Amino acid sequence: MAKENSVPATLLSVTFLLWGWQIGMWFFTVIFSAVIIGAPYFQWRFHLSEKDLHRMVDITSLLFIATTIYVAITFPPAQAVFVVTQWLPVILFPLLVVQLYSNIKAIPLSALSMHLRRNKRTCKTLDMSNVLFIMCLVAASTGNQKSDYFFIAIFFIFSWFFWLKRNPRFNRAIWVLLMPIILFCSHLVNQEIGQFQRYLENVAPEWYLKFFSAKADPYHRSTALGYIGELKLSDRIMLRVKSSTPPPPLLRVASYNRFGGDFWSARTGGFEVSTFSKPQTTGSSLHKISIMMDLDDGEAVLPLPLGTQHIWNLPAETISKNPLGAVKVENGPDISMFNVAYDVSAATQYLPTADDLSVPSFYHQVIDEFIVKYGLKNTPKAQLMAKIDQIFTQDYRYTLNLSNGFDQPVNQFLSKTKSGHCEFFATSTVLILRRLGIPTRYASGFAVQEYSDLESLYVVRAKHAHAWALSFQNGHWQDVDTTPPDWSILDGGPPASRWITDMWSWLVAEFDRLRMTEKNNTIPYWMIIFLLPLTWFLRKKFKGMKMIPWQKKIPQNPHELTPLLGALRQYQVERQSGETLMQLALRAQAVPGLPEKRLLIMVMKAYYAFLYCKKENAETTDYKNLMAKWLKVHNT
Amino acid sequence: MRSLICFQFKIFYQLSQWYKHHFTVTGYWVIGGMLLALMVGINTRISFGSQIFAFLLVSTILDAVFSLYFKPKLLIKRVLPTFTTSGDSIRYHFEVENLSAYAESGITIEDDFGLKIPGKRAFKHYIDPLDKQRNWFDRKVGYPKWLGLVRLKRGADIEKGTITTILANQSQTVPAKLTTIKRGLVQFEGYLIKRPGPLGIFNAVRRVPDQGQLLVLPTRYPVASLDLQGQSAHQPIGSIPATCIMGGAHEFFGLREYQPGDAKRDIHWKSWAKTGKPVIKEYRPEHMVRHGLVLDTSVSAEFHAEFETGISIAASYLCTLDTKESLLDLIFIGTQAFQFTLGQGFTSSTEVLKVLATVKRSEPDNIDRLASLVTQHSDQLSGCILLLSCWDEKRQKLVNQLQFRHIKVLVLIVTTNPIKPQPNIYVLNPADPMKVLSKLGKADG
């Protein structure tokens, strides 16, 4: 690719500054900018052979693959894409250094793949300054610093870029007028994209929300009520629970008090900062567990046992709680292993409200029939939970193959199909208890039921996501799980390959634990594991590489006539590829307004005499004098 | 199914051509950036990628709007060489005159070959020479193969045009470069005039129709001259009329008395003056060494590479064999039977190369016609080079017939199939014919 298509060093440095500002990688930004700006002042260049270049590309590829694997196993998928993107300028920077500091002026596309290397079918090249320019801007956009300065910054950077690329055929005024229009229109388009996303979120199925919103929403819970087909569940390990005593069977993420037909929502007063600094009760009823989990971008709604009183070893900036018991952390680490102390009997927390007794009118008839059919109205409250549990276990069936349809799915579940998954059982229980006058809420979270011998702790998989009811009895909230106990078996046995994924997950978890033990923010010692062999490899591979003096770019025009050619350019007389100087001078004769046309021819003749007759002094002085004379006329 | 695939390829190709012509190098980066920004910015709550996407999208659209007002007033003339050789790169130019009152900056002029879309039959029979180098996916999908066929139909690769400025009411020469990839005629459909918008992202493209063509001669190999060691043969009067024109004439045999019907031009005036009665100069036809170069065109479509190699070998020998003291006939079957003679003032090698440039495959059963044509002329031939595409019974019979008539025969078979070694029969691999040709020249020369 031609050099004129490269991004200038200053613009590239400014782009790196934007990236560093948005991502917070000032250390790299300063070094990279210095390397880019310093390239023209460095008088030596590495002499790289084709083989050396291939090695550099291989190292970059390995770096990219290693980063991708590490990020993929460390972060949730939605976040992993962002993390890799943010690091791409760092990963690709060595190739820019190759371009700036070696005899290779652009990276041949054939070097980028083994297949192309073998066949050598393409002679196209890739200008790394353009790649890094685009990559820095895109990477910077993932920083999400929540300010309008980013938009202003990209406006100035792109304006600069487009100014360099503009077509001189158009008046500069047109270009200047165009930029505010672009700014205004792009702002509108950006707003429309945001609107479109909000529209999609309202109409899109749950998978959209799950994919794009990695954090649990404590205010809104879409359910699979009304879904038809088979639900697929994942074996991915979400949490690890360590407990010296039997762990709590259920870890609640959030609870909800309003039912909208096929979704639950929480009507609360919002989150309030809570310290969870010390337990309110003591004694044998207080249990302790440790939970290890990923926090998405340092934020998450924590899965906690009912009656959580104390949380420690969680280095988050903010821990807050809503009146329904959901606990949210913000600005925490990406991975956390924290301790929890809880007392189930002390789970009074917030008292019930009128919302905890409301049942949508279109469910009244079916639920009342259910209550009458099973004689629940006359059942003592102490035996009520056990009886509902018994009814669901005996007469109802757990299944993930849903056929209830969209029309009032709970009605269909209770009166017709009598089969469904945990959300049906939990929702039905909540609605039945509410009709019986018992304040009840819907809770979602995880069931702790699988002990891993490999890790000597409890593992909670994505498939263990569960829903149940919370009823207010005897002055405190209690978990009421009426889903038939065989649900975990019916979820299907583990796939044959699960031991591999579990082993991998365990290795990653151990690695994370190792990282969490780092005290300082400096380069962790485990990095040496990678750095030592890498240094050895690089030293071996590039041993004996030569440095050569940099031969500065030969100017396209003979440097002696550069002032003259520059002046001619003002008359739109540009030297074409393959055009001789005399042809240029002859062509210029027809240009209106060009001064001293004959003198121009004389300059060229004198210059030819200087070049080809090899006579000293007289002719040399002659062409220089003539050129100076012409330029003087031109300037006046 | 194949029709559907070809249709999809066509649509994709047209889209890619539109993209290639309408976006500048800056435009490619802008589109790349837009796609990346869209990928990371799809969720506007957690990324600002949508801002980059929006900015680049609006810039591209506005730049494209300016392309609607591009009406160049340029008079263009393509100046091409008379002919070139397959595989060669040639530099030619356009003479461009700007008829408008303002300068045209940043414009690019390129030749347009039009859409050379191959048919499904051609796609089915085409054997991709790069097939082994392609990866599994490319081989399975077949699009690169289809692109290869499009390129072959086009006949040449055009180098990207030079960005130039043409002053108002001025003429200028704009250089261009193309590389031919096959022999035959390269057909030009017109010119593409491109000019980027004010932001330098989107090209305004205008097509100016102007048909033209360039003759591409076959590739030639550096072969050594062959000594076919044949004896001179009788050349009947009239078969070589050009020798008379050139002054070579038939051989003078003697004088005899005039007989009614003799041409007045043959009267020997001096003898008539001495004897007092008309005397006629008598000639007898000259005996000359005459070689034949027989090209087997009866080749089916799947042996395209073999056929092309055969033509290149024929072209190589036509230019190499000595025709100062002998004649050389090129014999082949095209739409009809053809025989072109080189040397002794006959057709020049360039003219015969031009003929070879346009030779096409004939029906496989045309070998019988070729055999009868060669046999018919065999009494004039001293030696013969047979360029065959296979070694079947009919071709063996033709060689036997020529050998029976004591004509020195050199058989060159261009094929990948193994053939039992025999004297004066050489098997050439179409991918590397020089392996044998180089030895052949040395051995015989």
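Residues numbered from 1 in each chain as written. Chains lettered and ligands numbered in written order. Predicted model: local features only at pLDDT ≥ 70, side-chain atom pairs only at ≥ 80, totals over all residues. Heavy atoms only, no water.

Attention now moves to the overall build of chain B. For chain B, the count of helices and strands is 13 helices and 18 strands. Expressed as a percentage of the 445 residues in chain B, the buried residues total 48%. Carbon and sulfur atoms make up 56% of the accessible area of chain B, which amounts to about 22,100 Å² in all. (Helix = DSSP H or I, 4+ residues; strand = E, 2+ residues; numbered from the N terminus. Buried < 20%, exposed > 50% of the residue type's maximum accessible area, 1.4 Å probe, protein only. Areas by Shrake-Rupley, 256 points an atom, 1.4 Å probe, with all protein chains shown as cover.)

On to the nonpolar core. Residues and elements named next belong to chain A. Residues Phe16, Trp19, Phe133, Phe158 and Phe162 are the most contacted members of the largest nonpolar core, which totals 75 residues. With sequence-adjacent residues up to four places away left out, phenylalanine 16 is seen in contact with Thr29, Phe32, Ser33, Ile36, Pro89, Phe93, Leu132 and Cys136. Counting residues in hydrophobic clusters, the runner-up holds 67 residues, among them Val327, Phe370, Ile371 and Ala426. (Core = buried A, V, L, I, M, F, W, Y, C linked by side-chain atoms within 4.5 Å. Contact = heavy atoms within 4.5 Å.)

Quick look at the pattern of salt bridges now. Scanning all chains against the criterion turns up 23 salt bridges over all chains. Among the ionic pairs, arginine 461 of chain A bridges to glutamate 450 of chain A, the shortest N-O distance being 2.9 Å. With a gap of 11 residues between them, arginine 461 of chain A in strand E22 (residues 457-461) and glutamate 450 of chain A in strand E21 (residues 450-452) connect regions that are remote in the sequence. Assessed through its relative accessible area of 18%, glutamate 450 of chain A is described here as buried. Ionic pairing is found between lysine 354 of chain B and glutamate 351 of chain B, a salt bridge with its closest N-O pair at 3.7 Å. Of this pair, lysine 354 of chain B and glutamate 351 of chain B both sit in helix H10 (residues 349-357), 3 residues apart, roughly one helical turn. Overall, glutamate 351 of chain B belongs to the partly exposed group, its relative accessible area being 38%. (Salt bridge = Lys/Arg side-chain N within 4 Å of Asp/Glu carboxyl O.)

This brings us to the sheet that holds strand E23 (residues 465-473) of chain A. Residue and element names in this part refer to chain A. The 4 strands lie next to each other as E7-E20-E23-E24, forming an open sheet whose pairing is antiparallel. Sheet topology places strand E7 (250-256) and strand E24 (476-480) at the edges, where each strand pairs with a single neighbour. Here the strands of the sheet are splayed against their neighbours by 40° on average, with no regard to which way each runs. Across 7 bridges, the pairing between strand E20 (residues 440-447) and E23 is antiparallel. From the neighbouring strand, tyrosine 442 faces E23, where its bridge partner is alanine 469. The strands touched by helix H13 (residues 422-435) are E7, E20, E23 and E24; relative to E23, the strand with the most contacts, the crossing angle is about 15°. (Pairing = 2+ DSSP bridges. Axes fitted to C-alpha atoms, helices over the stretch in contact; angles between N-to-C directions.)

The subject of this paragraph is the interface of chain B and chain A. Listed per partner, the contact involves 52 residues of chain B and 59 residues of chain A. Buried surface at the junction of chain B and chain A, both sides included, amounts to about 5,000 Å², of which 67% is carbon and sulfur. When the area that chain B buries against chain A is broken down by residue, the three leading residues are Trp29, Phe48 and Phe55 of chain B, summing to 17%. At the surface where chain B touches chain A, the tally comes to 1 salt bridge. For glutamate 104 of chain B, the salt bridge is made with arginine 169 of chain A, and the minimal N-O distance between the two is 3.6 Å. For the side of chain B that touches chain A, the secondary-structure elements that each account for two or more residues are helix H2 (25-40), helix H3 (49-67), strand E4 (104-112), strand E6 (163-166), strand E7 (171-180) and strand E8 (184-196) of chain B. The element contributing the most residues to the side of chain B that touches chain A is H3 of chain B, with 13 residues. (Buried area = accessible area lost by both parts, 1.4 Å probe.)

Residue and element names in this part refer to chain A. Turning to its location among the elements, tyrosine 101 is positioned in helix H4 (residues 77-101). With a relative accessible area of 10%, tyrosine 101 lands in the buried category. Residues in contact with tyrosine 101, not counting those within four places in the same chain, are Val35, Gly38, Ala39, Phe42, Arg45 and Phe46. One polar contact links the side chain of tyrosine 101 to the main-chain amide nitrogen of alanine 39, over a distance of 3.2 Å. (Polar contact = N/O pair within 3.5 Å; in protein donor to acceptor, adjacent residues only side chain to side chain.)

Here the focus is the sheet that holds strand E1 (residues 74-79) of chain B. Residues and elements named next belong to chain B. Taken together, the 4 strands give an open sheet; going across it, the order is E1-E3-E7-E5, and neighbouring strands pair in antiparallel fashion. The outermost strands of the open sheet, each flanked by one partner alone, are E1 and strand E5 (156-158). The mean inter-strand angle of the sheet, taken between neighbouring strand axes irrespective of direction, is 30°. In the sheet, strand E3 (residues 89-98) pairs with E7 via 9 bridges, with the strands oriented antiparallel.

No statement about biological role is implied by the geometric values presented.
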